[in-house]
Amino acid sequence: MTGCAQNLNLNLAAQGVSVIDVNGKEGIFLCHAILTALGVPCHVVFDGDNGVAERKLASIQGKVGDERARAEKKIREAADKSARLNGQLLNYLDATTKVPWPASVSQLAYTVFEDNLEEYLKGAWPTWTARLQELIATGDGFPGKNAATYREAARSTEGNPPALLIALLANVQELLRNSQPAVQYFLPLQPGPEQAAVAEGPLLSQVGGA
């Protein structure tokens, strides 16, 4: 599960792992809670966004007066919100270090990029960035955050993935090894009284104990 799933292009499907885009950090909490209650092991991946505000502030240097003031206020409010969500998310995941601006790290339950995936890869996997730009320039890829283009860049670039991505995969594999099989919840289409009692008992006890 990831708040930046469309950016993360790792070959997890072959291992029976699904990558779920929850449209940002705010969507992680509910999705993670539901899947965990159903017995589905989850590894959270999210961007810390430390650096986004600076880039956005640099992009409005040409604005003046009230227009610039409004833009700066909006950017700083977004940064404050991101920092607050980072701390809340790390607290929810029971991280050892619960800070508003975490460093890039991969633990068993989560992986966080200090800034974002793209900025991390620029420094840690420059051949991936170069291959991505080549695909876009030749028309074989699409600009922006395009999953298919990111995947092809990862598949066809030279060199090995950086350590953090390898650690991410290792933690997902370890999480799967340590997890119990997911609980199979079901409801009969047209249960009789006795069937309903049998079906609802385990269901209610599992949910109540989650």
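As a reminder, the structure under discussion sits directly above these lines.
Quick caveat: nothing in here was measured; it's all calculated off a predicted structure.

### Digging into the sheet that holds strand β2 (residues 105-106)
Strands belonging to one sheet form pairs held by backbone hydrogen bonds; the direction of such a pair is parallel or antiparallel. The strand order across the open sheet built from 3 strands is β1-β3-β2, with neighbouring strands paired in mixed fashion. Looking at strand neighbours, the two that pair on one side only are β1 (44-47) and β2, the edges of this open sheet.

### Details of helix α5 (residues 126-138)
For α5, spanning 13 residues, the distance from its first C-alpha to its last is 18 Å, which sits close to the expected 18 Å at 1.5 Å a residue. Those residues of α5 lying buried are W128, T129, L132 and L135. Down the axis, α5 shows its buried residues gathered within 125° of arc, on one side only. With respect to the buried face of α5, the exposed residues turned more than 90 degrees away are Q133 and A137. Residues of α5 that are buried in the fold lie against α4 (117-124) and α6 (147-156).

### Describing the state of the cysteines
Across all of its chains, the model carries 0 disulfides by this definition. Unpaired in this structure, C31 has its nearest cysteine sulfur neighbour in C42, at a distance of 6.7 Å. By relative accessible area, C31 is classed as buried at 19%. Classification of C42 as buried rests on a relative accessible area of 10%.

Criteria and thresholds
Residues numbered from 1 in each chain as written. Predicted model: local features only at pLDDT ≥ 70, side-chain atom pairs only at ≥ 80, totals over all residues. Heavy atoms only, no water. Pairing = 2+ DSSP bridges. Helix = DSSP H or I, 4+ residues; strand = E, 2+ residues; numbered from the N terminus. Expected span 1.5 Å × (residues − 1). Buried < 20%, exposed > 50% of the residue type's maximum accessible area, 1.4 Å probe, protein only. Arc of directions from axis to C-beta. Contact = heavy atoms within 4.5 Å. Disulfide = S-S within 2.5 Å.

Honestly, it's all geometry; don't read function into it.
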